[in-house]
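Chain by chain, the residues run as shown.
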Amino acid sequence: MPILADRMGQLGTEAAFQVLARATELEAQGRSIINLGIGQPDFKTPPHIVEAACQALRDGHHGYTVANGILPLREAVAADIHRRHGVEVSPRRVMVVPGGKVTMFFAILMFGQPGTEIVCPDPGFPIYASVIRFSGARVVPMPLREENGFSFRAEDVLALLTPRTRLLILNSPSNPTGGVVPKAELDKLAAGLQHFPDVAVLSDEIYGELSSGPAPASMFAYPELADRLIVLDGWSKTYAMTGWRLGYGVWPEKFIPDVERLAINSHSCVNAAAQYAGIAALQGPRTPVETMARTFAERRDWLIPALNRLPGIRCAVPGGAFYAFPNITASGLDSRTVQRRLLEEAGVATISGTSFGQYGEGYVRLSYASDLAALQEAVTRMGAWLGTL
Ligand code: PLP
């Protein structure tokens, strides 16, 4: 009998994929399911991006590329960072990887080991805690509370840091809450981090262009942290490219050889055609991104008031991403029960808040990356179901 390594028992998963499997099963039985569980734009990748990939294949870009990504792509990333954040980043610091997740996997494995601690948002993207445990480090949850707009107070975060802390993970706009950390709080956090020079920071900014109103504050604003800041970003959400598996991290230059070795030991490089598509995305027209962000904002403006009219539901207005995170405590049911019963009884797939950590109890996550008609039907079904409780 083959015996798995102990660490395999530490690896978690993402509930969204399990809910998707159950929703698909119910649909195969003939049930009508509205899936607000999975977090991906319901838009198609803009045609000029698809064409750039096809052209790259026709041009014969079929081989391996350098492990860190082709230079024109890393230059395009650097130019895009300058356009968005006004900071100069050397393309040498850019590491192109197969999706946003890979930057977090690498960063956590690089800094986490038994005897160390990594601080991450709770509720937060479930893969953070999963990979932290896999690395052997201890998960230190950073509570994101509704009363703080699903953000944090810098002093509360700094109070979690100990001599064992190796990495602090931030995510704004946030999955699952849609919360955005105010610039003033990041200013205080960056100032406080001066007292913790050994703590690296992973700032997951994958939803950075999906907000309405002013752009969310970025950790790029703090050059004093540049020698220990990793910024995670990518194409999945902004350009509706989740299936292309294309992302990047901006790393302190001194860590690039380590990241490259991790890449060479795992995926070698990102597929070449996708890299050419990535250039077209960054250098092409901004209209598709703006249209998508505006559409998400319009849906949000319909959905949140509609949820707040349902009995037993209270929902804060998300500042970014495409998630609503309603408080369901007044229903008298716990989050997992609401997730299960909404799917089985009402045909609406949502994700229990506890899939994102202990502080997610009392909430469910709804993705509004679905068209308005689906959202309207979901709210009608939820209302009818809540009426039966
Ligand atoms: N970071 C956050 C906060 C996310 O929500 C996701 C995807 O849902 C990712 C990273 C991963 O993105 P990718 O699909 O590019 O790996």
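What counts, and at which threshold
- Residues numbered from 1 in each chain as written.
- Predicted model: local features only at pLDDT ≥ 70, side-chain atom pairs only at ≥ 80, totals over all residues.
- Heavy atoms only, no water.
- Helix = DSSP H or I, 4+ residues; strand = E, 2+ residues; numbered from the N terminus.
- Rg over C-alpha atoms; globule rule 2.2 N^0.38 Å.
- Buried < 20%, exposed > 50% of the residue type's maximum accessible area, 1.4 Å probe, protein only.
- Near = heavy atom within 4 Å.
- Polar contact = N/O pair within 3.5 Å; in protein donor to acceptor, adjacent residues only side chain to side chain.
- Areas by Shrake-Rupley, 256 points an atom, 1.4 Å probe, with all protein chains shown as cover.
- Nonpolar A, V, L, I, M, F, W, Y, C, P; charged D, E, K, R; others polar.
- Contact = heavy atoms within 4.5 Å.
- Phe/Tyr/Trp six-rings, centres within 6.5 Å; stacked < 30°, edge-to-face > 60°.
- Pairing = 2+ DSSP bridges.
- Axes fitted to C-alpha atoms, helices over the stretch in contact; angles between N-to-C directions.
- Lys, Arg positive; Asp, Glu negative; His and termini not counted.
- Salt bridge = Lys/Arg side-chain N within 4 Å of Asp/Glu carboxyl O.
- Domains from an automatic or database assignment.
- Buried area = accessible area lost by both parts, 1.4 Å probe.
- Expected span 1.5 Å × (residues − 1).
- Arc of directions from axis to C-beta.

### A short note on the overall build of the chain
Logical step 1: The helix and strand inventory of the chain stands at 12 helices and 12 strands.
Logical step 2: In terms of C-alpha radius of gyration, the chain reaches 21 Å, essentially the compact-globule figure of 21 Å for 389 residues.
Logical step 3: When its C-alpha atoms are laid out on the principal axes, the chain stretches across 60 × 55 × 55 Å.
Logical step 4: A burial count over the chain gives 56% of its 389 residues as buried.

### Describing the site of the ligand
Logical step 1: Taken together, 14 residues form the shell around the ligand, and within it G100, D204, Y207, S236 and K237 come nearest.
Logical step 2: K237 has a polar side-chain atom sitting 2.7 Å from an oxygen atom of the ligand.
Logical step 3: The protein chains hide 94% of the 390 Å² of surface that the ligand would expose on its own.
Logical step 4: Counting residues per element, the shell around the ligand draws most heavily on helix α4 (residues 100-111), which supplies three residues.
Logical step 5: Taken together, the residues that form the shell around the ligand break down as five nonpolar, five polar and four charged.

### What to know about the environment of S236
Logical step 1: In this structure, S236 sits in the loop between β7 (229-234) and β8 (247-250).
Logical step 2: Taking C-alpha positions, S236 is 9.3 Å from Y207, a pair spaced 29 residues apart along the chain.
Logical step 3: Dropping the residues within four chain positions of it, S236 is found in contact with P41, M241, T242, R245 and L246.

### As for the packing of aromatic side chains
Logical step 1: Enumeration according to the criterion identifies 13 aromatic pairs in this entry.
Logical step 2: For the pair W235 and Y248, a centre-to-centre distance of 5.4 Å together with 75 degrees between the ring planes defines the contact as edge-to-face. Taken together, the residues span a long stretch of sequence, with W235 in the loop between β7 and β8 and Y248 in strand β8 at a distance of 13 residues.
Logical step 3: A residue is classified by how much of its surface remains accessible, and W235, at 0% relative accessible area, is buried.
Logical step 4: Site record: aromatic cluster; members linked through ring pairs are F43, Y207, F296, F322 and Y323.

### Some remarks on the sheet that holds strand β12 (residues 364-367)
Logical step 1: Pairing is antiparallel in the open sheet, where three strands are placed in the order β9-β12-β11. Each edge of the open sheet is held by one strand with a lone partner, namely β9 (323-324) and β11 (351-352).
Logical step 2: As paired strands, β9 and β12 are joined by two bridges and run antiparallel to one another. The partner of Y323 across the bridge, within β12, is S367.

### Some thoughts on the sheet that holds strand β4 (residues 138-143)
Logical step 1: One open sheet holds the seven strands; their spatial order is β2-β8-β7-β6-β5-β3-β4, and the pairing between them is mixed. In this open sheet, the two strands that pair with only one neighbour each are β2 (94-97) and β4. Between one strand axis and the next, the sheet turns through 20 degrees on average, direction left out of account.

### Brief notes about the side chain of K237
Logical step 1: Checked against the element boundaries, K237 lands in the loop between β7 and β8.
Logical step 2: Buried charged residue K237 carries no salt bridge. Nearest counter-charge: E14, at 6.8 Å.
Logical step 3: At 3.3 Å, the side chain of K237 forms a polar contact with the side chain of Y207.
Logical step 4: Contacts of K237, omitting those with residues within four sequence positions, involve G39, P41, I206, Y207, L210, M292, F322 and Y323.

### Looking at the domain arrangement of the chain
How big an interface is tends to be stated in terms of accessible area lost as the parts join.
Logical step 1: Partitioning the chain into structural domains gives domain 1 (6-44 + 287-386) and domain 2 (47-283).
Logical step 2: Taken together, the contact pairs 39 residues of domain 1 with 34 residues of domain 2.
Logical step 3: Approximately 2,900 Å² of surface area, both sides summed, lies buried where domain 1 meets domain 2, with 61% of it carried by carbon and sulfur atoms.
Logical step 4: A per-residue breakdown of the area domain 1 buries against domain 2 is headed by V289, F356 and Y359, which together make up 20% of the total.

### Focus on helix α10 (residues 287-308)
Logical step 1: For α10, built from 22 residues, the straight-helix expectation of 32 Å at 1.5 Å per residue is met to within 8% by its first-to-last C-alpha distance of 32 Å.
Logical step 2: In this structure, the buried residues of α10 make contact with β9, β12 and α12 (372-387).

### Considerations on α12
The periodicity of an α-helix, 3.6 residues per turn, causes residues three or four places apart in sequence to face the same way.
Logical step 1: Under the 1.5 Å per step criterion, the end-to-end length of α12 is 23 Å for 16 residues, consistent within 8% with the ideal 22 Å.
Logical step 2: Of all the positions in α12, only L375, A378, V379, R381, M382, W385 and L386 are classed as buried. Along α12, the residues classed as buried sweep out an arc of 165 degrees about the axis, all on the same side. Those residues of α12 that are exposed and aimed more than 90 degrees away from the buried face are A373, T380, A384 and G387.
Logical step 3: Looking at the packing, one finds that the buried side of α12 touches β1 (34-35), α10, α11 (335-346), β10 (348-349) and β12.

### Notes on unusual backbone geometry
Logical step 1: For the peptide bond that leads from D122 to P123, omega is 0 degrees, which places it in the cis range.
Logical step 2: Here P123 is to be found in the loop between β3 (117-122) and α5 (126-135).
Logical step 3: Put simply, N175 and P176 share a cis peptide bond, and its omega is 15 degrees.
Logical step 4: Note that P176 resides in the loop between β5 (165-171) and α7 (183-193).
Logical step 5: Of note, F150 is a non-glycine position whose phi angle comes to about 55 degrees, a positive value.
Logical step 6: Within the secondary structure, F150 is located in the loop between β4 and α6 (154-158).
Logical step 7: Look at A240: it is not a glycine, yet its phi comes out positive at around 55 degrees.
Logical step 8: Looking at where A240 falls in the secondary structure, it is placed in the loop between β7 and β8.

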